[in-house]
Amino acid sequence: MVVYEMSETNWKENAYITHLWVADVQSGRAFQLTRGNKSSDNAAWSPDGRWIAFLTEREAPSAEKKEKEEAKPDARQIWLISPLGGEAWMLTRHGAKIDSFRWSEDGKRIGFTAPVAETKAAKDRKEKYSEYEVFEEDYDQNQLWTIDVADGAEAKQVTTDAKINVGSFAWSPDGSKIAFTGAANPMLAFGGSADIYLVDLAHDNAVRKIVALDGPDTSPRFSPDGSQLVFTTSLAQPYYFYANDHIATVRVDGAAATKPADITDLSSSFDEDTSVIDWAPEGIYFTALQKTNSHLFRLDPRTKTVARVTAPDTFSIGAVSFSRDFKTMAYTAGTATSIPEVFVGQKKLTDINAQLKDFTLGTVELVSWTSKDGATIEGVLHKPANFDPQKKYPLFVVIHGGPTGVSRPLLAPANRYYPIEQFLARGALVLEPNYRGSAGYGEKFRALNVRNLGVGDMWDVMSGIDSLIAKGMVDPNKLGAMGWSQGGYISAFLTTNTDRFKAISVGAGISDWMTYYANTDITPFTRQYLHATPWEDADVYAKTSPITNIRNAKTPTLIQHGDKDKRVPPPNAFELYRGLRDVGVPARLILYNGFGHPITKPKSNRAVLQHNLDWFDHYVFGDPIAKESPLRGTGAGE
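This section reports on the structure supplied with the text.

Calculation rules
Residues numbered from 1 in each chain as written. Predicted model: local features only at pLDDT ≥ 70, side-chain atom pairs only at ≥ 80, totals over all residues. Heavy atoms only, no water. Buried < 20%, exposed > 50% of the residue type's maximum accessible area, 1.4 Å probe, protein only. Helix = DSSP H or I, 4+ residues; strand = E, 2+ residues; numbered from the N terminus. Contact = heavy atoms within 4.5 Å. 1 Å grid on protein atoms, 1.4 Å probe; cavity = no way out; pocket = protein on both sides within 12 Å on 5 of 7 lines; lining within 4 Å. Points joined across faces, edges and corners; volume = space filled by probe spheres on them. Nonpolar A, V, L, I, M, F, W, Y, C, P; charged D, E, K, R; others polar. Axes fitted to C-alpha atoms, helices over the stretch in contact; angles between N-to-C directions. Parallel < 35°, antiparallel > 145°, perpendicular 65-115°, else oblique. Patch = residues over 30% accessible without salt bridge, like charges linked within 9 Å, V, L, I, M, F, W, Y side chains within 5 Å. Areas by Shrake-Rupley, 256 points an atom, 1.4 Å probe, with all protein chains shown as cover. Salt bridge = Lys/Arg side-chain N within 4 Å of Asp/Glu carboxyl O. Core = buried A, V, L, I, M, F, W, Y, C linked by side-chain atoms within 4.5 Å.

**Details of helix 1 (residues 120-129)**
Within helix 1, only zero of the ten residues are buried, leaving the element largely exposed. Two residues or fewer past helix 1, Ser-130 is found with a positive phi of approximately 65°.

Okay, structure coming up:
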C-alpha cells in the first residue's frame, strides 16, 4: 500500500485542504483516508505497516481529552490511523505546534521536534507589557522529544539546550541514539550555524557535537549497521548559497569533525546539489536535478561512484519513498503532457490528469540560446494548442525565483501567480528562462550572476526574447514580463533598464539591494552574492539595484506584495512604486493583506492571477480595464 497526499481548494474556508489517500498496489484501488476542514499531512508508516502517523490541527474527540495535558486546539499534533480505515486517534498532546516526527526502527517510539510550551516567564511578560519582539532574539527553539506509541504516555524531552534549535533528525537502527541537525536558532539568516549532534538515549540523553564545520551541516542518516552517519555539508565553503553541497560521512564513535579533512566527501565528482533519501545496504540514494530533469541516484560509499537509477533522460521524479527492504519504490513523476501522478515501478496508482480532460491546453518544449557573454541558456517555451509557425505572437516572459529555482518543461496548470494557460488561450507565447544562477546546470553556472545580479540576468532574458524574434514567431511590439521573488527582482530590473516591454509585473521583488539587506530575514544572501555589505561596496549594490536607473523607466508596472513579507519586505515595493510614479510611469501597487512572501490562500491567489491577467490584457492586448476589475481600487480612477 502507498499513502499519499491530495490537496483541494475549499473556497468556503478560503483554504487549500490536504488529506491522506491510500492506494493498494496490487489492485490499484484507492480511497480517501482522512477528511474534515483541517489538513492532514506528513504521513509516515509504522515499521510494521499497522499504522499511519500524520500531523494535523484537528481537535481530539472529547472522550480522548486530558484536561491537564491537552494541546492548544490550533497546535499541530501527531495522530495515528489504521490504513484500513476507522477513527484516527491523537497520540501527542504537546503544548506547542509539532514541526516534524520520525518513527523509531522498531516502531515502539516516535521522535518529534517542537518548542517547549509557553513558559511562565513568557506569559508574565505578555501580561505585564503586552506583545513585543526583540529583533533576532525572540524566537521559539525546537527541541527533541520522544513518545511511546503503545501507551501514549506523556512525551519525554530529550534535548534541553536552549542555545540549539533542533532540525532534521534520524534514529539509529537499534534505537539507542538519535542524530540531529542543530542550529543557533530557527531564523534563515543563521542557517550557516547548523551542525550535526548525537544524543545517546541509553546514557541519560548525553549530547555531543559530531560535525562542526563552518557553514551548514544538515540532514543526517545512519548507515545500515549504525556505525556511520551520512549528511549534507557545504564543506566549509564561504559562499555556500550558490556552491554545491556535498554528501559526506563520519563515524559515529569518532571525535568531532571540525574541518573538511575530518570527514569523507563522497560526492565531489557530482556537479549539482543533492537531496539524500536514505542509506540502503546497496548504497546511498539521493535525488538531484540534471538541467531541467530530475532523477534518483545511488552512491556507493566505498568507491564514491554514482549511478543514475531512473530513466529515460527526460525523467522528472518528485517525491520518493522506499519499502523497508528497499526492493520497492513509490514515487511521483510528471511529464510535459501530464501533471504528477503516483507510481510504484511502472504502475500508475492515481489519475489526477482526469480533471484536465475537458481543457484545451498549450504545448511545452525546451529551447536554448546564447547570451551576451556566450553563456548557453535554456528555457521552457509554451505554445498555444493551435500554434501557427507562420504567425508572430505576443510573448510573455515568466521568470522563476531563487535564483536557484528552475523552470521545467512540465505540464503545470496550477501556477498560483501567473495565468500561463490563459495567456496561451488568448494567443500568446510564454517563455520561462533558466537564467544564470538557476539550479540544475552545475556550480559554475549558478555562480555566473555573482556580483552581476540583474545585469547578467537581463542579458539572458533579452537574448532569449531576441532568439525567438529571430525565428519569426514573436511580435517584438507585444512583450510582457513578470516574476515572483528573484523573478520579481529581475522584472523590476527590466522595468528600469529597458523600454522594450509593453507591461511588466513585479511580484515580491527587490528594488534596492541596500533596502533589502537592511530589512530581509536572510541577510547572508546579499553578502554571498555581492561579496560585500553595502557599507563595504556601495557601487556593486548600486550597479545591481533596479532603483538606480529609475529615471530611465517607461514601462507600465504592476507591483504585487504580501504586506507581512519578511523575505522581501514591503519597503522594496514602496520604493519602486514611488519612484515610478515620480517619473511619470503608470504603476499600481497591490498589497495582499496578512501574507508573507508566498500568497497561500485561494481567494488571494485568484486575485493575484486576475490582477496579472487584467494588467497584461490591458497593456499588451489593448483591452479596457473593466469597471469590475479587481485592479480598480474602491476610490481610485483608472
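**Remarks on the environment of Thr-335**
Looking at the element boundaries, Thr-335 is found in strand 25 (residues 329-335). Considered as a pair, Thr-335 and Pro-312 are 23 residues apart in the sequence and their alpha carbons are 12 Å apart. Ignoring sequence-local partners within four residues, the contact set of Thr-335 consists of Pro-409, Leu-410 and Leu-411.

**Brief notes about the layout of surface pockets**
Of the volumes computed, that of the second largest pocket is approximately 1500 Å³. As for the second largest pocket, its lining consists of 44 residues, of which Asp-138, Tyr-139, Asp-140, Gln-141 and Pro-186 are closest to the centre. Those elements that provide at least two residues to the lining of the second largest pocket are helix 1, strand 12 (165-171) and helix 6 (513-519). When grouped by side-chain class, the residues that make up the lining of the second largest pocket number 17 nonpolar, twelve polar and 15 charged.

**Observations concerning the packing of helix 4 (residues 455-470) against helix 5 (residues 486-497)**
In contact at an axis separation of 10 Å, helix 4 and helix 5 are set at 85° when each is read in the N-to-C sense. What the angle tells us is that helix 4 and helix 5 run roughly perpendicular. Across the interface between the two elements, Val-455, Asp-457, Met-458, Val-461 and Met-462 from helix 4 touch Tyr-489, Ile-490, Phe-493, Leu-494 and Asn-497 from helix 5. Split by residue class, the contact of helix 4 with helix 5 holds eight nonpolar, one polar and one charged.

**Some remarks on a nonpolar patch on the surface**
A surface patch of nonpolar side chains, amounting to about 300 Å² of accessible area, comprises Tyr-129, Tyr-132 and Val-134. Checked against the element boundaries, Tyr-132 lands in the loop between helix 1 and strand 10 (143-148). A relative accessible area of 40% places Tyr-132 in the partly exposed class.

**What to know about the nonpolar core**
When a protein is soluble and globular, its nonpolar side chains tend to lie buried together. Residues Leu-395, Val-461, Ile-465, Leu-494, Phe-501, Trp-513 and Leu-580 are the most contacted members of the largest nonpolar core, which totals 56 residues. Examining the composition of this core, we find that six residues originate from one element, helix 4, more than from any other. What Ile-465 contacts, discounting residues up to four positions off in sequence, is Leu-395, Val-397, Leu-431, Leu-479, Arg-500 and Phe-501. Ranked by size, the runner-up nonpolar core spans 26 residues in total, among them Val-398, Leu-424, Val-430 and Ala-607.

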